[in-house]
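# Geometric and topological summary
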Amino acid sequence: MRNIAIYLTYLGTAYHGWQVQKELTTVAGTLEAAAGKLLGHRVHMTGCGRTDAGVHARVYLANFRTESTIPVERLPYALNTHLPADIVVTGAREVSDGFNAIGSCVRKEYTYLIYNSRIRDPFYVNRAWFYPKHLDERIMQAAGQQFVGTHDFAAVRSVGTEVKSTVRTVYDYQVRRSGDLIALKVSANGFLYNMARAMAGTVVYAAEGKFPPEAIGEILASGNRTAAGPTVPGGGLYMTHLWYDNGTEKFELAAPEMV
């Protein structure tokens, strides 16, 4: 039995997130159906993370097991013939039996895009959050920096998937502006449900003057979700970088800079 890892990129607008859901169209469900047609057997895809409804992935990794002898270098082309245009397999590799798309991932990065202009741009609909009030990216950077380190992030997650611990380590939070587009880029050893979007909302609240950037440490310590900013819309969020290291395989998948 071969263990195959495939690299993906997808637009999440038409999907109810990654994970298979009964009677709903999801990225995993669409991919499993395509792989089943190609390989002639049921396929279970293990994804690197549960992206929510409307969330995109510039890079994504999933693995599955098969006895098919199709050469690994041919799999992307073959799978893409069975996939819609908004999901694309960009590469594939055979990995060790113990490799797992989520369990072997040691670090992830998400990028959140804000279109910060008084006039909306139709080409960013469902691709960036339209925000007409001017945002000071310097305040946003100071706010984002407060998330860096190992903290309990219960204050910036939505109630959803049960987890053993809400403690995570954030390695970096960078805010970059290019014209009207602002990118919030955060990497961590793991993300709680809606954590990246709630962090973005909290950074925006700080820029609005609802609390100073330095207050974010107190908000995290309180664990109070209502003290932080809102969970911003899913259409602005992208998975952009993955780091893998399970002792056997060590590699990265990174998207080009978005801003």
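Residues numbered from 1 in each chain as written. Predicted model: local features only at pLDDT ≥ 70, side-chain atom pairs only at ≥ 80, totals over all residues. Heavy atoms only, no water.

### Observations regarding the pattern of salt bridges
Per the counting criterion, the structure on display carries eight salt bridges. Arg 65 serves as the salt-bridge partner of Asp 97, at 2.8 Å between the closest nitrogen and oxygen. Taken together, the residues Asp 97 in the loop between strand E4 (87-95) and strand E5 (105-115) and Arg 65 in strand E3 (residues 56-66) connect sequence positions 32 residues apart. The class of Asp 97 is exposed, set by a relative accessible area of 58%. Two residues, Glu 137 and Arg 177, come together in a salt bridge whose shortest N-O distance is 2.9 Å. (Salt bridge = Lys/Arg side-chain N within 4 Å of Asp/Glu carboxyl O. Helix = DSSP H or I, 4+ residues; strand = E, 2+ residues; numbered from the N terminus. Buried < 20%, exposed > 50% of the residue type's maximum accessible area, 1.4 Å probe, protein only.)

### With respect to the packing of aromatic side chains
Within this structure, the stated rule accounts for 12 aromatic pairs. An aromatic cluster is built from Tyr 7, Phe 99, Tyr 244 and Phe 251, whose rings are joined through pairwise contacts. Lying over the aromatic face of Phe 251, Arg 93 brings its terminal NZ or CZ to 4.1 Å of the ring centre. The positively charged end of Lys 210 is found above the aromatic ring belonging to Tyr 205, 4.0 Å away from the centroid. (Phe/Tyr/Trp six-rings, centres within 6.5 Å; stacked < 30°, edge-to-face > 60°. Lys NZ or Arg CZ within 6 Å of the ring centre and 35° of its normal.)

### Considerations on the pairing of strand E11 (residues 250-254)
In E11, alternate side chains face the same way, and those of Phe 251 and Leu 253 are buried while those of Lys 250, Glu 252 and Ala 254 on the opposite face are not. Sheet topology note: the strand E10 (residues 237-245)/E11 ladder contains five bridges and is antiparallel. Note on E11: the bridge partner recorded for His 241 is Ala 254. Between E10 and E11, which pair antiparallel in sequence order, lie four residues; one of them, Gly 247, sits at a positive phi of approximately 90°. (Pairing = 2+ DSSP bridges.)

### Quick notes on unusual backbone geometry
Within the chain, Glu 23 stands out as a residue other than glycine whose phi angle is a positive 65°. Along the chain, Glu 23 falls in the loop between strand E1 (2-10) and helix H1 (27-39). By relative accessible area, Glu 23 is classed as exposed at 77%. One non-glycine residue, Asn 126, lies in positive phi territory at about 65°.

### With respect to the nonpolar core
Membership of the largest hydrophobic core comes to 78 residues, with the highest contact counts inside it found for Ile 6, Trp 18, Leu 61, Ile 114 and Met 140. Those residues in contact with Ile 6 that sit more than four places away from it in its chain are Leu 31, Met 45, Tyr 60, Leu 61, Ala 62, Phe 64, Leu 79, Val 89, Gly 91 and Ala 92. Leu 113, Ala 128, Tyr 238 and Met 258 belong to the second largest nonpolar core, which has seven residues in total. (Core = buried A, V, L, I, M, F, W, Y, C linked by side-chain atoms within 4.5 Å. Contact = heavy atoms within 4.5 Å.)

### Observations regarding the side chain of Glu 249
Along the chain, the position of Glu 249 falls in the loop between E10 and E11. Arg 93 provides the closest opposite charge to the buried, salt-bridge-free Glu 249, at an N-O distance of 6.3 Å. A distance of 2.5 Å separates a polar side-chain atom of Glu 249 from the backbone nitrogen of Ser 96. (Lys, Arg positive; Asp, Glu negative; His and termini not counted. Polar contact = N/O pair within 3.5 Å; in protein donor to acceptor, adjacent residues only side chain to side chain.)

### As for H1
An ideal rise of 1.5 Å per residue puts 18 Å on 13 residues; H1 measures up with 18 Å between its terminal C-alpha atoms. Buried within H1 we find Val 27, Ala 28, Thr 30, Leu 31, Glu 32, Ala 34, Ala 35 and Leu 39. Buried residues along H1 sit against E1, E3, helix H2 (75-80) and E4. One side-chain oxygen at the N-terminal end of H1 lies 3.0 Å from the backbone nitrogen of Gly 29; it belongs to Thr 26. Taken from the residues just after H1, Gly 40 is the one with a positive phi, measuring 80°. (Expected span 1.5 Å × (residues − 1).)

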